[in-house]
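Survey of secondary and tertiary structure
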Amino acid sequence: MTAFRHTLTGRLLADPLAVVAMLIIAGMVMVALLADVISPHDYSAMNLVDRFSPPSATYWLGTDNLGRDTFSRLAQGSRIALYVALTAVTISGAIGLVLGMIAGFGPRWLDNSLLFIFDTARAYPTIILALALAALLPRGLSTVVIVVVITSFSEYGRVVRTQTLSLKNAEFILAERAMGASFGRIVFHHILPNVLGPFFILAAMNLPVVITIEAGMSFLGIGVPPGTPSWGATLKDGFDYIRTTPWIILAGGLPLILVTLGFTFLGEALRDQLDPKLRKGR
Amino acid sequence: MPDLKLQRLFPSLTRRQLFAGAAALGTVSMLPVAAWADGTRLNVRAYLEPDDYDPLDASGFLEELLYGCIYRKLIQYVPGDEWAWQNDLAESIEQTSPTTIAFTLKQGQMWSDGYGEITAEDVKFSMDRHMVEENNSRIKPDLGTFTHVEVTGSHSGIIHMERPFAPIWTIALPYLAGTVICKQATEEAGGKITTAVPPTVSGPYRVREHRLGERWVLDRNPEFSGEPADFERVDLIVIVDEAAAEIAKEAGDVDFTAIGPASVQRLGDNPPAGTQLKVHPALFYHWVGLNVQNPKFEDIRVRQAIMHAIDVPSIMQAAFFDVAEPATGIIAPGLIGHRPETLIPPQADFARARELLDEAGIDRLDINIDVLNNVTHTTVAQVMQAMMAQAGIDLNISVHEGGSFWSLGVAADGDRWQDLELTLKRFSMTPDPYYATAWFVSEQIGDWNWEQFSSEEFDQLHDEALSETDPARRDEMYRRMQDLMEESGGYRFLTHGVTANLFADSIVPATRPDGLPLVQHFRRA
């Protein structure tokens, strides 16, 4: 029991903020997995007679302009949010991890070249890039993922590069080298495990950002096609009728707020536990 | 404590100076409010923005909104509820034969910025240039059988037509193609007005600046030869989204805007304080077009199946909130050529659609519709998507911003026009049926005829109807043309909609009978 308390999971469970975060995230994952079961209505079924219905026992979060059940659409939307967030973060994280380590280990010219790429990608405004790509590519989740990957891989790359640079000349690495450790051993046994901590903190912090980007693009009409039950599309539907039926936009914003809080709390809790300096300070 | 913090931030700032600064800031911030509050400024919403100030590039009412403020014509529409025209630059203008119109300009009508008096040469230059092939005028069809202007004096001329052209008084002269621009200034600009602000204007307002994607700022033109404009400044503010425009009106950011059908009943029953709502029957026509040349729709049964699977009453209810009626064609009620009913009833017939697809040997049909990114059209598309699924048709919706959307069917803008499937569009209209059918002749394929509909009979009727003077015969011809469009399977007519204008009590708006604003005639209340 004492040993468990000193594991990362044990330490997280002892942190109330982390517990709240994990409950929110677990709730979202459950809703996404069980969306078909818990949805009281077909998310795409139109019912013009009941359109703009306020929240009620029949329609828990009311209906939209086409009489579609808002709760059912948000439940389905959680799948889209998770899909986009996990796919985009995994791809951009993987690219950033590889390029960051190459930059950290590579010769100076390669490091500078990759830094230039990171800075260029980071400097490009997400929405402007999204607008440009939306004009060139078909609307859909893959376009959203591409936008997020292009604008966020550099963040991972920079973090991993910095970590790699500081580690590669650390005494224990030099000692390993002196003992004849192979390059692969140094990378996979020493550098990578030490890089993963900050990497996962960044990934956790980025998940809600990605979800918000998807919602933002859909809100602007450059994300998923109309009819797709993404959270951003629900916000857009709600905005169009905000004067008369504010519950649609309120319901659309609620999961975004919760998920942003959940992943941000988790990221902060992870940082508190994985950053040695912060742990010492406690 | 707060004072200590302030002193750290601004070491030399005393309390007195702070109050004085705040007072000064407050006074400065009130200045524009004061200018606005005295009613000398007018803010009008524009739903898109034109490319430039040259009528050669004009495409519809949006340009007219701007051009009406800065340029003049021989004649102009009279604001009100009845279609009529009145002299503008013309002192006199009359039809002297079926193919000629003689005009005399008023004396002393001036161009701004030292470009002198408006002459018959300017009129000739402005109209003749639309007929030059290399100029690629997009509104050339507005001029029908017009051939040229003959200048007979510094202030007089004769408009010549190849054959009689009935709509010259309702379309050509009082609308876009009749806009008179300055010959000298245009030639100095290289033959086209693409400058940041026009070098000279003749209308009641002049352009101070164009903030791309945001607004035009117009000032009263001190050199205007007519009755001075009532407002010192007019801002044409670009707000694409109807809901956003409505919020802008209620927040006081615009004085005049058209609103979407969703708000008509609510605001009609309970208009916000200091605001009025006026609803006009519109002439616009919204329709679902199908590219008949796309190999996917080669079989007419497939095209007919798609048309049968579109339920117009549901669209009226969901997207137009039952404030508009289903259309029977592209010509609105009250105009020559209006059809009493469509060939395919507005109600969907899913069984018939399924039957036609089965006959064509199609189990599932995947099709795409391109729509503008506005709430009405995206709602229409979603209703269609749900309805079509009942007939085994999977409809994918592609949403575009204005610039991207309006280039989809244009051959000069790429190859996409050939691959188009379904499109949902709205065209503006003038009070003559010629203006509606002009865009669907074979010659317009690759420009405005995105359906690539081509019918010899249609083209011939269109050509004959523009010279036909017997209203009954003309009516029959335009009805037949709409029958041909529908028979092709390329068109499902939706509605003409309504134009609902929300405006501040402090202004007296001027509109055409279809509700479109004539900003140059707006007055303070």
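One structure accompanies this document, and this report is about it. (Residues numbered from 1 in each chain as written. Chains lettered and ligands numbered in written order. Predicted model: local features only at pLDDT ≥ 70, side-chain atom pairs only at ≥ 80, totals over all residues. Heavy atoms only, no water.)

**Things to note about the pairing of strand 7 (residues 146–153) of chain B**
Residues and elements named next belong to chain B.
- Strand direction decides the pairing type here: strand 7 and strand 8 (residues 156–161), joined by six bridges, are antiparallel. Bridging across to strand 8, glutamate 150 finds its partner in isoleucine 158.
- In this structure, the hairpin formed by strand 7 and strand 8 is closed by a connection of two residues. (Pairing = 2+ DSSP bridges. Helix = DSSP H or I, 4+ residues; strand = E, 2+ residues; numbered from the N terminus.)

**Considerations on empty space enclosed by the protein**
- Under the counting rule described, the total for this entry stands at five cavities of 30 Å³ or more.
- Volume-wise, the largest cavity comes out at about 220 Å³.
- Every residue lining the largest cavity is counted, 22 residues in all, and those nearest its centre are Pro226(A), Lys236(A), Asp237(A), Thr378(B) and Gln382(B).
- Going through the elements one at a time, helix 11 (231–240) of chain A together with helix 11 (375–389) of chain B are the ones with two or more residues in the lining of the largest cavity.
- Looking at the lining of the largest cavity, its residues break down into six nonpolar, 10 polar and six charged.
- Each pocket or cavity is described by its volume, and for the second largest cavity that value is around 120 Å³.
- Forming the boundary of the second largest cavity are 13 residues, of which Tyr241(A), Glu242(B), Gly260(B), Ala262(B) and Val375(B) lie nearest the centre.
- Listed by contribution, the elements that provide at least two residues to the lining of the second largest cavity are helix 6 (242–250) and helix 11 of chain B.
- Looking at which element gives the most residues to the lining of the second largest cavity, the answer is helix 6 of chain B, with three residues. (1 Å grid on protein atoms, 1.4 Å probe; cavity = no way out; pocket = protein on both sides within 12 Å on 5 of 7 lines; lining within 4 Å. Points joined across faces, edges and corners; volume = space filled by probe spheres on them. Nonpolar A, V, L, I, M, F, W, Y, C, P; charged D, E, K, R; others polar.)

**Observations concerning the sheet that holds strand 16 (residues 365–372) of chain B**
Residue and element names in this part refer to chain B.
- Within the open sheet, the five strands sit side by side as 17-16-18-15-19. Their pairing is mixed. Across the chains shown, the open sheet's two edge strands, defined by having one partner strand only, are strand 17 (393–400) and strand 19 (491–495). Geometrically, the sheet is characterised by an average inter-axis angle of 25° between neighbouring strands, direction not taken into account. (Axes fitted to C-alpha atoms, helices over the stretch in contact; angles between N-to-C directions.)

**A few points about the nonpolar core**
- Among the nonpolar cores identified, the biggest contains 99 residues, and Leu173(B), Leu218(B) and Phe440(B) are the most heavily contacted of them.
- Composition of this core by domain shows at least three residues from each of domain 1 (55–237 + 501–524) and domain 2 (285–496) of chain B.
- Residues contacting Phe440(B), with those up to four places away along its chain left out, are Tyr285(B), Trp287(B), Ile330(B), Phe427(B), Asn449(B), Glu451(B), Phe453(B), Phe458(B), Met485(B) and Tyr491(B).
- In terms of nonpolar packing, the next biggest core, distinct from the first, is built from 58 residues, Ala32(A), Val89(A), Val195(A) and Ala203(A) among them. (Core = buried A, V, L, I, M, F, W, Y, C linked by side-chain atoms within 4.5 Å. Buried < 20%, exposed > 50% of the residue type's maximum accessible area, 1.4 Å probe, protein only. Domains from an automatic or database assignment. Contact = heavy atoms within 4.5 Å.)

**Details of a nonpolar patch on the surface**
All names here are of chain A.
- A cluster of nonpolar side chains, Val29, Met30, Leu33, Leu34, Val37 and Ile38, forms an exposed patch at the surface whose accessible area comes to about 520 Å².
- Listed by contribution, the elements that provide at least two residues to the nonpolar patch are helix 3 (16–33) and helix 4 (35–38).
- Per-element tally for the nonpolar patch: the top contributor is helix 3, with three residues. (Patch = residues over 30% accessible without salt bridge, like charges linked within 9 Å, V, L, I, M, F, W, Y side chains within 5 Å. Areas by Shrake-Rupley, 256 points an atom, 1.4 Å probe, with all protein chains shown as cover. Salt bridge = Lys/Arg side-chain N within 4 Å of Asp/Glu carboxyl O.)

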